[in-house]
Every structure is written in structure tokens, then in C-alpha cells.
Amino acid sequence: MSAEIYKEIILDYYRHPRNYGKLENYDISARDSNPLCGDEIEMRIKVSDGGKIGEIKFQGKGCAISQASASMLTEFAKEKPLDWVKDLSKEDVLKLLGNPDLGPARIKCALLGLKVIKTGVYQYLGAKLEDPSAGE
Amino acid sequence: MSAEIYKEIILDYYRHPRNYGKLENYDISARDSNPLCGDEIEMRIKVSDGGKIGEIKFQGKGCAISQASASMLTEFAKEKPLDWVKDLSKEDVLKLLGNPDLGPARIKCALLGLKVIKTGVYQYLGAKLEDPSAGE
Amino acid sequence: METAFSSRFSVLLKSQVLELERIREDFPILKRKVKGKRLVYLDNAATTQKPRRVIDALVDYYERYNANAHRSLHTLGIEATEEFEKSRRGAAEFIHASPREIVFTRGTTESINLVRFAWGEDQIKKGDTILLTLMEHHSNIVPWQLAAKRSGAVLKFVELDSQGRLKMDEMEEAIERSPRLVGVTQCSNVLGTINDVARICRRAKKAGALSVVDAAQSVPHMPVSVGEVGCDFLAFSGHKMLGPTGIGVLYGRRELLEEMAPFQGGGEMIREVHLDGAKWNDVPYKFEAGTADIAGAIGLLAAIEYLSEIGMEKVRRHDLELQRYAIEALKGVRGLQLYGPERAEERSGVVSFNLADVHPHDLATILDGEGIEIRSGHHCAQPLMEWLGVSATSRASFHVYNSYDDIDALKAGLEKAKEVFGL
Amino acid sequence: METAFSSRFSVLLKSQVLELERIREDFPILKRKVKGKRLVYLDNAATTQKPRRVIDALVDYYERYNANAHRSLHTLGIEATEEFEKSRRGAAEFIHASPREIVFTRGTTESINLVRFAWGEDQIKKGDTILLTLMEHHSNIVPWQLAAKRSGAVLKFVELDSQGRLKMDEMEEAIERSPRLVGVTQCSNVLGTINDVARICRRAKKAGALSVVDAAQSVPHMPVSVGEVGCDFLAFSGHKMLGPTGIGVLYGRRELLEEMAPFQGGGEMIREVHLDGAKWNDVPYKFEAGTADIAGAIGLLAAIEYLSEIGMEKVRRHDLELQRYAIEALKGVRGLQLYGPERAEERSGVVSFNLADVHPHDLATILDGEGIEIRSGHHCAQPLMEWLGVSATSRASFHVYNSYDDIDALKAGLEKAKEVFGL
Ligand SMILES: Cc1ncc(COP(=O)(O)O)c(C=O)c1O
Ligand SMILES: Cc1ncc(COP(=O)(O)O)c(C=O)c1O
């Protein structure tokens, strides 16, 4: 946890977040905050035919680590099947960030986006299972 | 604070308390307990003509120190003017007990009776001051 | 004869239960003299002594990584947070709970009051019954008296048999009548009585009553698993289990904690605060407003590790041995009345008694002159005193560092007291 | 040039205010390295470091006279009780109160919650106004939100001027409208702003409103006298004034404490308990249910003695010098925005800022790499953050062991952060 974790790419995503914004037309929406530091991430996803992540956008506020990792995650997730999100791991996210040594406190910042996307997708899949009109 | 404080005389007053009991006909009544150890003393006094302590009795439960000192105090106080109680001091009580080295915790036991007699007499004198029929 | 008796037990104790000499070495205070005599500390139900490991853990925190927990992102803050949360995991493991179910409090008293405020304020209604027992400590009576006064609920106290054991049939009958809450101590701090809390909690659950177990005297002395007890809440204090003052635990079933309103308001227990309201943090943090006793939690973990290394089964067996020995020894003192169950198996390491007409405070003073520290008084259990028909008792209570020698000293002290009082 | 500037101040500091080297020697943690660098601890508003004397007081208690206080009549118990009560007298003297008016709590948060429950539950009624300020810490907001929700009272927040100072005219106007309670912090933990609490309390008293002063950041940093403040209640924490975690104080005016209902129920706060009710103990014990953090209180006394020997006027002057120096130094960092009053005299030893678009958490991480420990985040003052229009700030806060060198290190760290962020 020192200056070395602020790789060029993280700062770039922090200052120029890809997929930043709010989808008006969406199927999935989730939001979470980190009680320790107050970082916030909200994500919205439009599911495409075939159960893939069609469009995805995020909004939020917080440190470079939380905002960059959320942004990277949205790019990485695009066009992936929803089920794929289930298998997304902490390691995947750290790899996206270039494997910085974040330490126990800041790693929560890095994983906030992951928590949000998982929450949203699980809720969506859960609701579909319960929905009789889904005919499953 | 060890065995030396249990002088013969204290045990004698503990086992055979003088003035133990409850006056039916009294002018002053007061009661207190020691929150630390739960010792209790109640005293009742019949004021004689001339504002002296006529009859005085006490009841209570607790350790030898608290019960013996209360009992000794009632004997000592008999026939004394009420005002005299105001000047009664901690040292007077300890002298009655034979000046044992009680230490900070047990001294509260020794002084419980003193607290009760003072409370009762003060209340009585206070009420008389306030009582217009007393004509003062 | 007495020596033979003593040495028979001692052999058993030394070889089978605990390596007493090694353990006594761990407690710096045991080197101290009282009135020029060896310190014989037998007031463990009030508070226990601390092993060097616990003291060292506190010093280490303050000298090496003191910082506020859950607040600051710097190295010290992270280390403090990690150790603080490690303590929570340690406490959880110790009673077989999940860390999310461990709320740090000041002690048993605050733990029970937390339940009263955060659960009881909403849930206890006019006409509800709060079922307690006659052997509860004030901390499991007064909060409910206050709650009853506020809500209009009524308190009912289950009685004891002549040996000071809970009348289980009465308890079960009373539970049938669907009280809102059953509050019961796992071990009496006066009689030593161990209650079958698992059975009580099972019945309570069936009857739809909330169960609150006061484990202040059980967790320090025997293996306790909240799963086996099956309670909704369980409370204990660090300072009675070789840990520091200022720290205690409330275990609460996860679902209950989730549903409950918070207790105190402030930092840490919130997720978001706005002018017009706030969102609560996750459990257990929702119940931990303000800076916690971080050092206390860290010291508690050291105590838990120390006890765990000995093994709680062994701690219990050691207690049992001491109790058997103490009961035997005290029975030999003429004029002494013992309270509580006759069988040692039904008791934890607490022995209460009265000696003829010697008031317990006077007895404590005389024993103190011999370096022997016992508790005298009502033990924060006045309703039980009333039931026993006494205003006070003397109490000797044990922990891992106590030995047969300590009990021999107690016995000799009692004989001395008889002499002083001319008995 | 910078060196000249720094040394000019240093001379002043060393010769006139504190013997810094000697003081730094007293704090064992300052020998520690963070990331291989000298520890520069600037997170004192979150919690302070402890002098050896405080740590020794804890060790001494646990190694020499550990026992429960106010319970046992043996030598250890009497010594523990004496020291515990000596701590109460020490705390009373420190703020010029009477020992009867000193309630030991876990900290500021519990102190304020105690007022909410023991006073507020009976006294705050539907339609009442609770007057607070926009710069309150969550612990002086959330308890009142909870009380308001319960009672139907309304909260009103007094606003700040552009320098983060309380709008006193607005405050006084609001007090004229007879709120039930005025809660105000003596020093903001974010802006450093010192409020004229004496004036506010005087007005409140006139208007018949109860006054609650959050002194968490004032008592550790300047002389405070409750007589001069004229408040009804005043709260502070031991851990922010060189003392241990787990202990804090609620000062309450004697008459109020006497009239109030108790807070938690349990041992120690009662005089008598019967099955059908209880009688409360005298104040302040009525408010201290259960075993207190005895070691914590004893450690707090050691901290109070340490601070008193330095002298609180000197502590304040040292804070002022550091602040002046820090403000000067930070003004020289381009892209840095400082919050709070411009005049150092109106502030206590806290400096909050933001550096360009660098998020405070990232800044804290980069500074930590240099051994510099600052706080980043909302500082448990989210409403204030909203008012500032930021989600977080960075905060450096001082205590007696901080030096100009620490601030020079901070400044160098900020320059490094700018480099990392390409600013
Ligand atoms: C102004 C202010 N009030 C209250 C508190 C809460 O103190 P504690 O966490 O010790 O209860 C703090 C510290 O965080 C503070 O700075
Ligand atoms: C059975 C029991 N319950 C509750 C308590 C209260 O514990 P504490 O004072 O640590 O809150 C005690 C100890 O005094 C106890 O023995």
C-alpha cells in the first residue's frame, strides 16, 4: 500500500472512466457503498437476447482504486453471459488492475464493483427463477 | 484491616446490642444503607422536653462493625441535646470503637450509624425551622 | 489426616488436570503479598487475574500499532482493525458462533441492556411476561424491571429447590404459558448452580419466547457452544475470563441482529448519515457505536488463546476438582453452612457459605488479614439473598491458578475467624 | 528558503512551548517505522498515542492490584476501588467539576447516548426542537435522530459561514425559539473550528434549553472548565487525550443527574433490588451499571496527570504553533484546498484539505508509503461533507509529540502524491 499501486492505467481509468453513466433502459440495477470509506458504485445492465450482458454502465464516487476497478470491470463484462459473472473472482479483478499489492483495507475499494455486479446479477437470476411466467 | 479490629467490646456490642429495637412513640426516624455491602441501620428518637435525645433505639443488619458502632452511638447520644449531634465527628465514633485501624472500605460500616443519626436530627431540626407553628 | 486428604487430591490435580506451577508462573500478580502473606485470590467470580500474555497484548498494541479501528486507511489503522477483527473471530470461535454474531460491549451488563433496548423496546408489550429465575444477577433483573415498567409487561421469577437448583418443572410450565422472553443464567454466581440452559432454550423456542442466557460465569469456566445452547442471545464479560476490563460480548442470532433496531447512535454503526436520517451499517457493527475498547478486544483474544491452549474441558475439570476439595474441606468446619447443590457436577467453581453468626464482611476482613481474598455481600443477587433468608454470604470462587493449597489456606483462615469470634 | 522558514518556527517551538524531544521520548510507538520510514503520526483526532506512563499504569493495575471495584472488601478490591475513584477525582479536577458529576462511560459516543436515554427518553416530547449544528460528529447527530423518531421531535441544524464557522446569529435566533435541547461541539473534528460554547450555553439556559457539549476534540487540546462553559452535559473520550480505549466521561450537572432516570440496569447502579422493583444508587453510580473499565479509568488518570504536568495552556499553544506552521506550509502546495477558519486562533489542532482530483483515500495510501499517517474520509461527519460539497477530505491532526518536522514530511508527501498523480 503505497505509491506503487497507482499504475498509469489505474489513473487513466480514474480520470477517464469507460462506461460511466446511467442507463435509462435496463434490466439490472444494483448499488453498494463501502461503510469504511464511503465509496459508492451503482451499476445498470441491459440484458441482451441470449442472456448476455448487453449494455452496462456505472456511476459512483470514491477513490481511484474503486472507480477504476469498477470501470475496468464493466468493460471486461460486456457481452459475457450472465452466468459468467457467478465465476468472476477477486483475482480476476486484481488482474485487471495489474495485480497491485493493495493490502486488506484498500482491497475492499477494489472489490466494491465486483460486489455490485454480483449482487445485481444474482438478484436478476433469482427473480427469474421465482417468476412463473418465465416458464422454467 | 485484619483480625485485630475485632476487639472484645465490638463483638460484645455486636452480639448483645444495647438499645436494639423500634420505638413506637418517636419524633425522629431515619434509615440508611451502605450500597457497597448492604448494611442497614434504622434509628428512632423520642425528643424529650428541652430538646434532648430522650429515648433512642436502632435496628439493622450487617457486620459487627456497623451494628456495634450504631449501638454504641445510641448509648453515647442518650440525654444529649439535639444540637450536640451536629458536632459529632468521625473521630468520636472511632474512639467509641477503640480506635481500630479500619481502612477505607470498612470505615463506611463504622460511620453508617453516624450518618443515620445526623440525617434524622437534621431533618427534624430543619422541619422545625420551617414550621410556622413552632413560632420561631 | 488433613494432610493425607490434601495430598491425595493434589496428586490427582497435578498429574491429571493442570500443570499448576507453570500456570501460576504466568500470572504476575500471584507474586504479590497481602498483609505480608502469600496472596490467595479466591474472588474470581468478581473478576479474574490476568496472565502475562494478556498484559503483553495490551502493551504491544499501545506500543506498536495503536490506532482507531475501522476508520483510518494507514498502516497503523489497518493493523489495529485487523487485530480487532481477529479478536471478534476468536471470540466467535470460542463459543462456536459466526463473527457476524459477535457484538463487542463493555461486559455482560451492557450486553443484556443492549438486548433490552434494541430488541425489547420494540418487542416487549403491555401484558407480556418476562420470565426470569430467582438466581439471576442484578444485570439480568434490573434491565427487565426497567423494560417492564416502561411497557407494562410483568416479571415472573422461577423458584429454586432446597439445594438451590432451578425448579425445572416450574420453569417448563411457565414457558408453556408463552412468555415473551426467558432470561436465565447458565451458572449462578452465588450458588454455583449450573442450569440446563439448552433444555430451557429449546422449550422457549417452541413456545415462541426469546431466550437470553447470562453466561458471565459459564464461558470463563467450561466449554460453551451457542449452537448446543440454542439461545437467541448470550452475554459474557472479558474480565471474568482472564481478559481486560472494559470488554464483553453479546452473541446474537444473525437473523435477530439483522431485524433489530440499533442501540446507541454514533460513528461506526452507520453506513450513511444525512440531515433527515441515517442508514445502519451491517451487523454486528450496527450495534457498536463509537470507538470500541480496541485494546480490550485485543486483550480478550489473548485470554481466549490462553484458555484455549489449556483447553476448556481441562479448565472445567480443574474447577470440579477444586470444588470437590473445597466442599469437603468446608464441611469439616463446624458452624459453617454451605449453599448450593450437593453434587459438585451440578456446580461451577463457586462456593458460598456462612459461618455461624460471623457476618460475611467481618469474615472477609479477617481472611484478608491472612492474605485470602474472598467476596462477601449480596453478590449483586439480592432477590436470591432474600430467598436464602440471609443478607449476605461469603463466597470463594476459583480459576485456573487456584490450588488445593489455596483452599487449605481458606480453611485455616476460617478457623482463625472462629477463634477471633470466640466460636 | 523553506528551511529558513521551518527553522525560524522550530526555534520558537523548542524554546517557548514544549520540550519536544523529551516528550517524544515518552511515547514508545514513535520509535516504530512504517514502510521503513520514520512514523509521522498525524491522526490524533481519531485517536492519540499513549505515553509510557499510561501504559505503565495499566500494567501496574493488572500486575499488582487487579480486582473489581466497589464490590469486594479485601485489600486488592480496596486498592482498585481507591484508584478508580482517584481517577474520577482526577477527571473532575481536570474540567473543574465535582467528582459526583463525573460518570465513566466508554467514550463520547456513549456519554451522549446516555443523555439521550436517561434524560431524553422522558423529556423530549412530540413537537420539541432539538437544535444541532452542521458540523456535529455523527455521535452528536444520530442519537438525536433516534430520539426524534421515537418522540416526534424535530431536528434543526444551524448553518456555517464560508469559513466553516457557526453562524452565531442564526444559532442565537434558533435558541430564542426555545428548543428543548442544544447540542454543539466545542471543536469540529474536521474543520478545527472552535465554537463559543459558553455563549451558546448561556443563551440556552436563558431559553430553558438543555445544553450538551461534545468536548471530544476540546478537552484533549485546551483548558476546559465546565463552570466557564456553563453547560448541562459535556462529553469526552479518554483515547483522544493520550488515555486508553474503552473509557470516557460524561459530565452532568449534579441536579440533573439526581433527577434523571438511570440508563442501563445492573450491578453497582442499584442500592437495593427486590423482585418487585429496585432503588437506585447515588449519582454518579446510578449511571454506571456493571463492571466499569477499571483499568481504563486508571489509565485515563495517568493521561490526565501527564497532560496536567505539561499544562493545558502549553498544549494549546503547541497546537496553535503547529497549526500556523501547517497552514502556512499547505498553502504553499499548489492545487491544495484548505477547509475551516482562516485564523489559527479560531481553530484547534486539526487541518482538513483536498488535493486537486486526488481522492483522500488515495492520498492517505501514498502518504502511508512515506510513513505519514493521516485520516481520509468523511470523519463521521457526513452532513458536514455534504455541506462542503465533497464526499471526503484528508485530515492531519496534532498532539503534543508532533513537530515541525512532521509537517515538513507531510508537505513532502503531498508533493510526492502530486507526482504520482501527474499533477
Ligand atoms: C467531535 C467528536 N465527537 C465525538 C467523537 C466520538 O468519540 P468516540 O468514538 O470516542 O465515542 C469524536 C471522535 O471520533 C469526535 O471527533
Ligand atoms: C452471573 C453474572 N451475570 C452478570 C454479571 C455482570 O458482569 P459485568 O459486571 O462484567 O457486566 C456477573 C458478574 O458480576 C455475573 O456473575
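Values in this document were obtained by computation on a predicted structure and should not be read as measured data.

1. Notes on the overall build of chain C
Along chain C, the regular secondary structure elements total 15 helices and 17 strands. Since a compact globule built from 423 residues should have a radius of gyration of about 22 Å, the 22 Å found for chain C is in line with a globular shape. In terms of principal-axis extent, the alpha carbons of chain C reach across some 75 × 55 × 35 Å. A buried classification covers 70% of the 423 residues belonging to chain C. Long-range pairs, those at least 24 residues apart, make up 71% of the contacts in chain C with a sequence separation of at least 6. Considering chain C, the positive charge centre built from 54 side chains and the negative charge centre built from 60 side chains are found 2 Å apart.

2. A word on the overall build of chain A
Assigned secondary structure in chain A consists of five helices and three strands. Order of helices (α) and strands (β) in chain A, N terminus to C terminus: α-β-β-β-α-α-α-α. In summary, chain A has a C-alpha radius of gyration of 15 Å against a globular reference of 14 Å for 136 residues, a match within 12%. The principal-axis extent of the C-alpha atoms belonging to chain A is close to 55 × 25 × 25 Å. Within the span of chain A, comprising 136 residues, buried residues form 49% of the whole. Considering only intrachain contacts with a sequence separation of at least 6, the fraction spanning at least 24 residues in chain A is 62%. Taking the 20 positively charged and 21 negatively charged side chains of chain A as two groups, their mean positions are separated by 3 Å.

3. Some details on the site of ligand 2
Not every one of the 15 residues close to ligand 2 is listed here, only the nearest: Thr109, Asp214, Ser237 and Lys240 of chain C together with Thr291 of chain D. Near ligand 2, the surrounding residues are drawn from chains C and D. Separating an oxygen atom of ligand 2 from a side-chain N or O atom of Thr109 of chain C is a distance of 2.6 Å. Here His239 of chain C contributes a side-chain N or O atom positioned 2.7 Å from an oxygen atom of ligand 2. In isolation ligand 2 offers 390 Å² of accessible surface; the protein chains occlude 96% of this area.

4. So, the interface of chain D and chain C
Of the residues lining the interface, 91 residues belong to chain D; the matching set on chain C comes to 91 residues. For the chain D face of the interface with chain C, the top three residues by lost area are Tyr62, Arg106 and Leu275 of chain D, together amounting to 11%. Between the two partners, chain D and chain C, sit eight salt bridges. Put simply, chain D and chain C have 48 residue pairs in polar contact (both at pLDDT 80 or more) between them. When residues of the side of chain D that touches chain C are assigned to their parent elements, the largest contribution, nine residues, is made by helix α3 (residues 52-65) of chain D. A breakdown of the residues in the side of chain D that touches chain C according to their chemical character gives 38 nonpolar, 30 polar and 23 charged.

5. A look at the pattern of salt bridges
All names here are of chain D. According to the stated counting rule, one finds 94 salt bridges over all chains in the structure shown. Where Arg324 meets Glu321, a salt bridge forms, and the shortest distance between an N and an O atom there is 3.5 Å. Taken as a pair, Arg324 and Glu321 lie in helix α12 (residues 312-331) at a separation of three residues, close to a single helical turn. With relative accessibility at 30%, the residue Arg324 sits in the partly exposed group.

6. Some points on the pairing of strand β17 (residues 393-397) of chain D
All names here are of chain D. In terms of burial, β17 is largely enclosed, as five of its five residues are buried. In β17, alternate side chains face the same way, and those of Thr393, Arg395 and Ser397 on one face and Ser394 and Ala396 on the other are all buried. For strand β14 (residues 350-355) and β17, the ladder comprises four bridges, and the chain directions are antiparallel. Each residue of the ladder has a partner; that of Ser352, found in β17, is Arg395. The pairing of strand β16 (residues 375-377) with β17 spans three bridges and is antiparallel. Its bridge partner lying in β17, Arg375 is registered against Arg395.

7. Thoughts on the relation of the copies chain D and chain C
Each copy superposes on the other: chain D lies on chain C with an RMSD of 0.0 Å after a rotation of 180° and an axial shift of 0.0 Å. What we have between these two chains is a two-fold relation. Rotation axis and chain D: the residue whose C-alpha lies nearest the axis is Gly246 of chain D, separated from it by 2.9 Å. Both copies contact each other with a shared surface, as 100% of the interface residues of chain D are interface residues in chain C too.

8. Comments concerning the side chain of Thr193 of chain D
Residues and elements named next belong to chain D. Mapped onto the elements, Thr193 comes out in the loop between β7 (181-185) and α8 (197-206). For Thr193, a relative accessible area of 2% gives the class buried. The residues contacting Thr193, other than those within four sequence positions of it, are Met135, Gly164, Arg165, Gln186, Cys187, Ser188, Pro341 and Glu346.

9. Overview of the interface of chain A and chain D
In this complex, chain A contributes 17 residues to the contact, which on the side of chain D involves 16 residues. Taken together, the two surfaces of chain A and chain D that pack against each other cover about 1400 Å², and 55% of this comes from carbon and sulfur. The interface formed by chain A and chain D contains two salt bridges. Notably, a salt bridge pairs Asp357 of chain D with Arg15 of chain A, separated by 2.5 Å at the nearest N-O pair. Where chain A touches chain D, the interface holds eight residue pairs in polar contact (both at pLDDT 80 or more). If you list the elements that add at least two residues to the side of chain A that touches chain D, you get α1 (8-15) and α2 (64-77) of chain A. The leading source of residues in the side of chain A that touches chain D is α1 of chain A, at three residues.

10. A short note on the sheet that holds strand β13 (residues 336-338) of chain C
All names here are of chain C. Read from one edge to the other, the open sheet built from four strands follows the order β13-β14-β17-β16, with strand pairing classed as antiparallel. In this open sheet, the two strands that pair with only one neighbour each are β13 and β16 (375-377). On average, each strand axis in the sheet is inclined to that of its neighbour by 30°, with strand direction left out of account.

11. Section: the sheet that holds strand β1 (residues 28-33) of chain B
Residues and elements named next belong to chain B. A sheet is described by the order of its strands in space; here three strands give the open sequence β1-β2-β3, paired in antiparallel fashion. Since the sheet does not close on itself, it has two edges, and those belong to β1 and β3 (52-61), each with one partner. Neighbouring strand axes in the sheet, compared pairwise and without regard to direction, differ in orientation by 15° on average. Contacts from helix α5 (residues 103-130) reach β1, β2 (40-48) and β3, with the element oriented near 140° to β1.

12. A look at the arrangement of the chains
In this assembly, five pairs of chains are in contact, and the pair with the greatest number of contacts comprises chains C and D. Contact between chain A and chain B is absent, and the least distance between their C-alpha atoms amounts to 43 Å.

13. Describing the environment of Asp408 of chain D
Residue and element names in this part refer to chain D. For Asp408, the position within the fold is in helix α15 (residues 404-420). We classify Asp408 as partly exposed; its relative accessible area is 22%. Measuring from C-alpha to C-alpha, the distance between Asp408 and Leu330 comes to 9.6 Å, with 78 residues separating the pair along the chain.

14. Some points on the confidence of the model for chain C
All names here are of chain C. This prediction gives chain C a mean pLDDT of 95; 96% of its residues lie at or above 70. Low pLDDT, under 50, characterises residues 1-5; the predicted model gives this stretch four contacts beyond four residues in sequence or across chains. Between residues 11-15, whose pLDDT stays under 50, and residues either more than four places distant or in other chains, the model counts ten contacts. On the interface metric, ipTM, the complex scores 0.93, and its pTM is 0.94.

Conventions and cut-offs
Residues numbered from 1 in each chain as written. Chains lettered and ligands numbered in written order. Predicted model: local features only at pLDDT ≥ 70, side-chain atom pairs only at ≥ 80, totals over all residues. Heavy atoms only, no water. Helix = DSSP H or I, 4+ residues; strand = E, 2+ residues; numbered from the N terminus. Rg over C-alpha atoms; globule rule 2.2 N^0.38 Å. Buried < 20%, exposed > 50% of the residue type's maximum accessible area, 1.4 Å probe, protein only. Contact = heavy atoms within 4.5 Å. Lys, Arg positive; Asp, Glu negative; His and termini not counted. Charge placed at Lys NZ, Arg CZ, Asp CG, Glu CD. Near = heavy atom within 4 Å. Polar contact = N/O pair within 3.5 Å; in protein donor to acceptor, adjacent residues only side chain to side chain. Areas by Shrake-Rupley, 256 points an atom, 1.4 Å probe, with all protein chains shown as cover. Buried area = accessible area lost by both parts, 1.4 Å probe. Salt bridge = Lys/Arg side-chain N within 4 Å of Asp/Glu carboxyl O. Nonpolar A, V, L, I, M, F, W, Y, C, P; charged D, E, K, R; others polar. Pairing = 2+ DSSP bridges. Least-squares fit on C-alpha atoms with pLDDT ≥ 70 in both. Axes fitted to C-alpha atoms, helices over the stretch in contact; angles between N-to-C directions. pLDDT = per-residue confidence, 0-100.

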